[in-house]
Amino acid sequence: QVQLVESGGGLVQPGGSLRLSCVASGITFNSYTMSWYRQPLEKQRELVAMFSSNYRTNYGDSVKGRFTISRDTAKNTVYLQMNSLRPEDTAVYYCNAKKGPIPSNEYWGQGTQVTVSS
């Protein structure tokens, strides 16, 4: 059974930092591209950051220079370090694991709420 379990969300003031974690189980972690997506209230889900199985990273334009994605293969964990947070970063953040184009090889976590507010 595949599980992606996120943690680290919460309430933070503008300009602050948070680190999200996602622990994966039930998959061959090194074979999967691990990503973070977010979905603000009443808006579409969007890609935040991606860390491919061949160690390439990609970021959404709105987070470049502020967020950093990393992965620890020994712990089957992907992280999202978020700095200089803004109110517009407020959203539910989801962990995603994907291997190739087949939909059955894509998995989602339950999401963790990040709220940036003073």
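Refer to the structure above for everything that follows.
What comes next is a walk through the structure. All figures in this text were calculated on a predicted structure; none of them were measured in a lab.

Considering the arrangement of structural elements, one finds R38 in strand β4 (residues 33-39). At 3.1 Å, the side chain of R38 and the side chain of S62 are in polar contact. Polar contacts involving the side chain of R38 include one to the side chain of Y93, which spans 3.0 Å. Aside from chain neighbours lying at most four places away, what touches R38 is Q44, R45, E46, V48, S62, V63, F67, E88, D89, A91, V92 and Y93.

This part covers the environment of C95. In this structure, C95 sits in strand β9 (residues 91-98). Among the residues examined, C95 registers a relative accessible area of 0% and is labelled buried. Residues C95 and Q110 lie 15 residues apart in sequence; the distance between their C-alpha atoms is 7.9 Å. For C95, the residues in contact, after removing those within four places along its chain, are L4, E6, C22, M34, S35, W36, V78, Y107, W108 and G109.

On to the packing of aromatic side chains, then. Evaluation of the coordinates by the stated rule reveals four aromatic pairs. Its end group placed over the ring of Y94, R45 keeps NZ or CZ at 3.8 Å from the ring centre.

How each quantity is defined
Going along each chain's sequence as written, the residues are numbered from 1 onward. Selection of residues for local features in this predicted model requires a pLDDT of at least 70, selection of side-chain atom pairs for listing and counting requires 80 or more, and totals for whole chains, interfaces and linings are taken over all residues. Side-chain measures here rest on the full set of heavy atoms in the structure, leaving out hydrogens and waters. Working definition: helices are DSSP H or I runs of at least four residues, strands are E runs of at least two. Numbering for both runs from the N terminus. Pairs of N or O atoms are called polar contacts if they sit within 3.5 Å, as long as, within protein, a hydrogen donor faces a hydrogen acceptor (for residues adjacent in sequence, only side-chain-to-side-chain pairs). Any two residues whose heavy atoms approach within 4.5 Å at even a single point are treated as in contact. Buried means the residue's accessible area, taken with a 1.4 Å probe over protein chains only, is under 20% of the maximum for its type, while exposed means over 50%, and partly exposed covers the values in between. Stacked, tilted and edge-to-face are the three classes applied to pairs of Phe, Tyr and Trp rings, where Trp contributes its six-membered ring and a pair requires centres within 6.5 Å; stacked means planes under 30 degrees apart, edge-to-face means over 60, and tilted covers the rest. The criterion is that NZ of a Lys, or CZ of an Arg, lies within 6 Å of the ring centre and within 35 degrees of the ring normal, and then a charge sits over that ring.

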